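# Structural description and commentary
These are the residues of each chain, in order.
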Amino acid sequence: MAPAQRCPLCRQTFFCGRGHVYSRKHQRQLKEALERLLPQVEAARKAIRAAQVERYVPEHERCCWCLCCGCEVREHLSHGNLTVLYGGLLEHLASPEHKKATNKFWWENKAEVQMKEKFLVTPQDYVRFKKSMVKGLDSYEEKEDEVIKEMAAQIREVEQSRQEVVRSVLEPQAVPDPEEGSSAPRSWKGMNSQVASSSQQPSNLDLPPAPELDWMEIGPSLTFIGHQDIPGVGNIHSGATPPWLIQDEYIGGNQEIGPSYEKFLKEKEKQKLKKLPPDRVGANFDHSSRTSAGWLPSFGRVWNNGRRWQSRHQFKTEAAAMKKQSHTEKS
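Residues numbered from 1 in each chain as written. Predicted model: local features only at pLDDT ≥ 70, side-chain atom pairs only at ≥ 80, totals over all residues. Heavy atoms only, no water.

Under the counting rule described, the total for this entry stands at 2 cavities of 30 Å³ or more. Of the voids in this model, the largest cavity is the one considered here, and its volume is about 60 Å³. Counting only elements with at least two residues in the lining of the largest cavity, the list comes to α1 (24-46), β4 (63-66) and α2 (87-93). With 3 residues, the top contributor of residues to the lining of the largest cavity is β4. Grouping the constituent residues of the lining of the largest cavity by class yields 9 nonpolar, 1 polar and no charged. (1 Å grid on protein atoms, 1.4 Å probe; cavity = no way out; pocket = protein on both sides within 12 Å on 5 of 7 lines; lining within 4 Å. Points joined across faces, edges and corners; volume = space filled by probe spheres on them. Helix = DSSP H or I, 4+ residues; strand = E, 2+ residues; numbered from the N terminus. Nonpolar A, V, L, I, M, F, W, Y, C, P; charged D, E, K, R; others polar.)

Taken as a whole and judged by the stated rule, the model has 5 salt bridges. A salt bridge links Arg62 to Glu75; the nearest nitrogen and oxygen atoms lie 3.2 Å apart. With Arg62 in the loop between β3 (53-55) and β4 and Glu75 in the loop between β5 (71-74) and β6 (77-79), this pair connects stretches of sequence that are 13 residues apart. Measuring nitrogen to oxygen at the nearest pair gives 2.5 Å for the salt bridge that ties Glu159 to Arg162. (Salt bridge = Lys/Arg side-chain N within 4 Å of Asp/Glu carboxyl O.)

One pass over the structure, following the stated rule, counts 4 aromatic pairs. Taken together, a centroid distance of 6.4 Å and an interplanar angle of 35 degrees make the contact between Tyr261 and Phe264 tilted. Of the two residues, Tyr261 and Phe264 are both situated in helix α6 (residues 261-274); the distance of 3 residues between them amounts to about one turn of the helix. Since its relative accessible area comes to 57%, Tyr261 is described here as exposed. Here Phe264 falls in the partly exposed class, since its relative accessible area comes to 46%. (Phe/Tyr/Trp six-rings, centres within 6.5 Å; stacked < 30°, edge-to-face > 60°. Buried < 20%, exposed > 50% of the residue type's maximum accessible area, 1.4 Å probe, protein only.)

Let's shift gears to the environment of Ala43. Mapping Ala43 onto the fold places it in helix α1. C-alpha of Ala43 to C-alpha of Tyr86: the two residues are 43 residues apart in sequence and 7.8 Å apart in space.

A separate point is the sheet that holds β3. The 3 strands lie next to each other as β3-β7-β6, forming an open sheet whose pairing is antiparallel. Edge positions in the sheet fall to β3 and β6, since each of these pairs with one other strand and no more. On average, adjacent strands in this sheet sit at an angle of 30 degrees to one another, irrespective of strand direction. Inspection of the sheet shows β6 paired to strand β7 (residues 82-84) by 3 bridges, in the antiparallel sense. The partner of Ser78 across the bridge, within β7, is Thr83. (Pairing = 2+ DSSP bridges. Axes fitted to C-alpha atoms, helices over the stretch in contact; angles between N-to-C directions.)

A word on the UniProt feature "coiled-coil region" (unreviewed entry) in the protein. The UniProt feature table records "coiled-coil region" (unreviewed entry) at residues 137-168. For residues 137-168, the end-to-end C-alpha separation is 47 Å, with 100% helix and 0% strand making up the annotated structure. (UniProt positions renumbered as here; feature names shortened; annotations may be inferred.)

Our next topic: the layout of surface pockets. If you add up the space inside the largest pocket, you get close to 590 Å³. Residue lining of the largest pocket: 23 residues in total, with Pro8, Leu9, Leu67, Phe105 and Asn109 positioned closest to the centre. Counting residues per element, the lining of the largest pocket draws most heavily on α1, at 6 residues. Its residues placed into classes, the lining of the largest pocket shows 10 nonpolar, 8 polar and 5 charged.

Across its 48 residues, helix α4 (residues 123-170) extends 70 Å between first and last C-alpha, which sits within 8% of the 70 Å expected from 1.5 Å per residue. Those residues of α4 hidden inside the fold are in contact with α1, β3, β7 and α2. (Expected span 1.5 Å × (residues − 1). Contact = heavy atoms within 4.5 Å.)

This part takes up the pairing of β4. The two faces of β4 differ: Cys64 and Cys66 on one face are buried, but Cys63 and Trp65 on the other face are not. Relative to β5, β4 runs antiparallel, the two sharing 4 bridges. By the bridge assignment for β5, Cys63 is matched with Arg74.

This is the structure:
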């Protein structure tokens, strides 16, 4: 009898020796395993002629399983912030260790010879991939330079528009006409003299109240609804204290906000009782009955209404009846 051997593809132990690899089940499992790996190998072989270079992202750390070598292989090749797609897989397929393991795998599992070349990369193809990788790096740098130039142009446009806005604000006002210029200094001098004379007057001088304007004469489209000032209460325009600086009358007092702690505990007990079954013993007890403070329970009888001591007579009556019934049965 042949010794027991385990097939990693079929995941079972067989005792038929080398005859297992020719079985229909083993060949079906082998074909399915090779077909699962074939799309990744074909995508890597397409990258030999046109290598793609992209910016590094965490997804590029993905690995794939090499069925021939029985180990994980990095699918892409990353360096710094750049990634060459399928660079790691092509490097593994072109290595001599992979070629040796592939020959052994094909010999042990009796796979189709036509599919063997698809899982190998010749040294000439790998040299071609290196050349295309250099071209891909050059094209990627050109694209990055174009992007940087576009960003620089946008920054220049924004800076130019900002400088134009600042220049328009800082430009001097238009020079007035000569006819108006003669009267302008005179008016400014008059205003300065009025300000100086008003500053020299005493501050405690009672000035006459300013005449109220007739708001109805402003225009027919406006309606005067009266003064909105509250009598006895000023506002921030009249020099009163702003409402957000007025201290609250209740700060520092004994006024309680919200329920007290005792009420909170009572409500908590009520919530606990609501979760209990409604038909439990003692749930229908009459709490409205009055009981003196000197009563003491003498036994553990359950009652639902009345006083507890009142059930003592009922207990004694039942006990006497039970004793009488026992005597009659003995006699």
